Amino acid sequence: MFENLIEKLKKNPTTLVFTEGTDARILEAASRLKKNGILEPLLIGVPEEVQAAAEKGGFDITDIRVIDPANYRRMDELVDKMVELRKGKMTPEECHAALLKGNYFGTMLVKMGVADALLGGATYSTADTVRPALQLVKTKPGNKSVSSSFVMIREKADGTEEKYIMGDCAINIEPTAEEMAECAVECAHTARIFDIDPKVAMLSYSTKGSGKGENVDKVRTATELAKAAAPELDIDGELQFDAAFSPVVAQTKCKGSPVAGQANVFIFPEIQSGNIGYKIAQRLGGFAAYGPILQGLNAPINDLSRGCDAEEVYQMAIITAGLK
Ligand SMILES: CC(C)(COP(=O)(O)OP(=O)(O)OC[C@H]1O[C@@H](n2cnc3c(N)ncnc32)[C@H](O)[C@@H]1OP(=O)(O)O)[C@@H](O)C(=O)NCCC(=O)NCCS
Ligand SMILES: CC(=O)OP(=O)(O)O
């Protein structure tokens with residue numbers, strides 16, 4: 001599925017840091033990535049503990065670099081840089097304490113160029129995985145906010161794949177109309193990376209004025225802002241999920257829309273509906289969910305769901321490093 005990303009990685013040596021070096025799922029994925037020559041994993045943890053966990057799981061981590069933050073020779077340099085980046089917000093003591101933890105340490109390795117990309121969140125919560133990146137790596141030039149998407153993939157009976165993008169199911173708790181619009185444009189960009197020709201639905205409980213309320217107004221404003229930011233894109237809203245997805249319902253609820261009935265990029269109005277929605281598709285609908293893929297961040301850093309398995313870690317590592 002990710003053959004093009006794998007080919008790209010094999011031609012461009014890439015170091016990806018895993019913040020949770022003793023987790024069995026991380027160790028299994030790291031050993032496969034190394035063995036298959038896809039990327040150079042870098043594990044954070046106490047070397048003896050990482051080795052013991054690898055042996056317990058039967059994973060070969062020979063030649064994989066392990067760094068213990070407590071014994072890192074460049075720690076002073078990292079602290080100085082972090083103090084500079086958090087000027088006035090964190091003291092040197094606070095930065096040093098934060099850097100002893102895998103999430104902050106790994107993020108600073110990316111910031112300092114020791115690693116190219118980072119994947120965490122097998123045991124850290126999303127907030128604890130993402131916060132260091134928001135504080136230290138920040139948004140790309142041109143982006144105002146970081147958002148996220150999931151690539152949802154399911155095999156059809158005929159052996160082909162159906163693929164959708166869902167966002168933002170993981171980062172912005174109550175996005176403004178501006179943030180929702182930026183997420184929509186970024187999700188369309190992510191869709192193209194995965195060979196999806198984006199048709200973006202801005203989701204609501206209302207279809208084109210069938211329901212009223214501030215939440216509906218927000219989605220309508222976000223739709224206008226997204227269209228203005230990316231006039232070339234097929235974006236429509238506000239749409240209920242059935243009107244966005246089903247051609248039959250679209251005929252009844254909003255005939256003539258360039259998106260309704262054929263949407264493949266779904267933008268949720270806030271995190272509750274988004275996070276619940278993608279997990280329903282994953283657990284009841286049988287979709288594999290790859291993500292959350294962070295969008296708008298100034299380095300390839302991604303989060304995992306704590307419910308992930310080793311295969312998902314493996315695939316997410318390829319996606320993360322491939323986005324470099
Ligand atoms: C992402 C999240 C952790 C940020 O929360 P937080 O750390 O409390 O946020 P703060 O407001 O203190 O911001 C911390 C920094 O990140 C920045 N930031 C926060 N959200 C941001 C965003 N979406 N894009 C860019 N920067 C952002 C802030 O500007 C701030 O920067 P500064 O310290 O340099 O001023 C929070 O929005 C969150 O918990 N989201 C939901 C995560 C979750 O539980 N998801 C469900 C499971 S996937
Ligand atoms: C993305 C997500 O929901 O993460 P978690 O399951 O770890 O909360």
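None of these values were measured; they are calculated from a predicted model. (Residues numbered from 1 in each chain as written. Chains lettered and ligands numbered in written order. Predicted model: local features only at pLDDT ≥ 70, side-chain atom pairs only at ≥ 80, totals over all residues. Heavy atoms only, no water.)

Within helix H3 (residues 47-57) the residues assigned to the buried category are Val-50, Ala-53 and Ala-54. The arc enclosing the buried residues of H3, seen along the axis, measures out at 100°, which places them on a common side. The outward face of H3, more than 90 degrees from its buried face, is lined by the exposed residues Glu-48, Glu-55 and Lys-56. In this structure, the buried side of H3 is in contact with helix H2 (24-35), strand S2 (40-44) and strand S3 (65-67). (Buried < 20%, exposed > 50% of the residue type's maximum accessible area, 1.4 Å probe, protein only. Helix = DSSP H or I, 4+ residues; strand = E, 2+ residues; numbered from the N terminus. Arc of directions from axis to C-beta. Contact = heavy atoms within 4.5 Å.)

Further remarks concern the site of ligand 2. Thr-126, Phe-150, Asn-275, Tyr-278, Lys-279, Pro-292, Ser-305 and Arg-306 make up every residue found near ligand 2. Lys-279 is positioned with one of its side-chain polar atoms (N or O) 2.9 Å from an oxygen atom of ligand 2. Calculation on ligand 2 without its partners gives an accessible area of 260 Å², and the protein chains cover 86% of this total. The element contributing the most residues to the shell around ligand 2 is helix H12 (residues 271-283), with three residues. Residues belonging to the shell around ligand 2 are distributed by class as follows: three nonpolar, three polar and two charged. (Near = heavy atom within 4 Å. Polar contact = N/O pair within 3.5 Å; in protein donor to acceptor, adjacent residues only side chain to side chain. Areas by Shrake-Rupley, 256 points an atom, 1.4 Å probe, with all protein chains shown as cover. Nonpolar A, V, L, I, M, F, W, Y, C, P; charged D, E, K, R; others polar.)

A few words on the UniProt feature "domain: Phosphate acetyl/butaryl transferase" (unreviewed entry) in the protein. When the UniProt feature table is mapped onto this chain, "domain: Phosphate acetyl/butaryl transferase" (unreviewed entry) is found at residues 2-321. Taken end to end, residues 2-321 is 44% helix and 18% strand, and its first and last C-alpha atoms sit 12 Å apart. (UniProt positions renumbered as here; feature names shortened; annotations may be inferred.)

This next bit is on empty space enclosed by the protein. With the rule as written, the count across this model stands at one cavity of 30 Å³ or more. Together, 13 residues line the largest cavity, and Ala-289, Gly-291, Ser-305, Cys-308 and Glu-312 are the ones closest to its centre. Within the residue set of the lining of the largest cavity, elements represented by two or more residues are H12, strand S10 (288-295) and helix H13 (310-322). (1 Å grid on protein atoms, 1.4 Å probe; cavity = no way out; pocket = protein on both sides within 12 Å on 5 of 7 lines; lining within 4 Å. Points joined across faces, edges and corners; volume = space filled by probe spheres on them.)

Turning next to the site of ligand 1. Ligand 1 sits among 17 residues. The nearest are Arg-131, Lys-138, Val-146, Ile-171 and Asn-172. Residue Arg-86 places a side-chain N or O atom 2.9 Å away from an oxygen atom belonging to ligand 1. Arg-131 is positioned such that a nitrogen or oxygen atom in its side chain is 2.5 Å from an oxygen atom of ligand 1. The element that contributes the greatest number of residues to the shell around ligand 1 is helix H7 (residues 126-136), accounting for five residues. Residue classes in the shell around ligand 1 are distributed as seven nonpolar, six polar and four charged.

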